[in-house]
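Residue-level structure breakdown
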Amino acid sequence: IRDLVKGPRAKREQMSSRVLIAMNITDLLATSIVHVIGTWFVPKGTAFWSAGNEHTCDIQGWSFGLFYSFALVYNATLSIVFLLTVCYSWSEEDFRKWSYFILGS
């Protein structure tokens, strides 16, 4: 990712690079919320190092579902981008036409 972000601008504007960056951002958010924070958001007294309440537990659960589903969707999108590039010879111009649909932004 460091090479994509700090690399040449033409490399960052490729569709596969943009999908990789989006996928890694969502994966980083999901990992940091679920695995790093871990049991801190669980209601106090129910698990080791738990310090939260029911609402923080709900926030962690929704974040887990949301960001992991985004990461899965971007993973499938990356597979489709590679399929279109290799099998159907799509160029960056073709991807620019569909970038709003492909990236969901």
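Here, the structure is the one placed above.
Residues numbered from 1 in each chain as written. Predicted model: local features only at pLDDT ≥ 70, side-chain atom pairs only at ≥ 80, totals over all residues. Heavy atoms only, no water.

Considerations on helix α5 (residues 92-103)
An ideal rise of 1.5 Å per residue puts 16 Å on 12 residues; α5 reaches only 14 Å between its terminal C-alpha atoms. Taken as a whole, α5 has its buried residues at F95, S99, I102 and L103. For α5, the angular spread of the buried residues around the axis is 95°, confining them to a single face. In α5, the exposed positions angled more than 90 degrees off the buried face are occupied by K97, Y100 and F101. Of the residues flanking the end of α5, it is G104, one or two places downstream, whose phi is positive at about 70°. (Helix = DSSP H or I, 4+ residues; strand = E, 2+ residues; numbered from the N terminus. Expected span 1.5 Å × (residues − 1). Buried < 20%, exposed > 50% of the residue type's maximum accessible area, 1.4 Å probe, protein only. Arc of directions from axis to C-beta.)

Some details on a nonpolar patch on the surface
A surface patch of nonpolar side chains, amounting to about 450 Å² of accessible area, comprises W40, F48 and W49. Its relative accessible area of 46% is what places W40 among the partly exposed residues. (Patch = residues over 30% accessible without salt bridge, like charges linked within 9 Å, V, L, I, M, F, W, Y side chains within 5 Å. Areas by Shrake-Rupley, 256 points an atom, 1.4 Å probe, with all protein chains shown as cover. Salt bridge = Lys/Arg side-chain N within 4 Å of Asp/Glu carboxyl O.)

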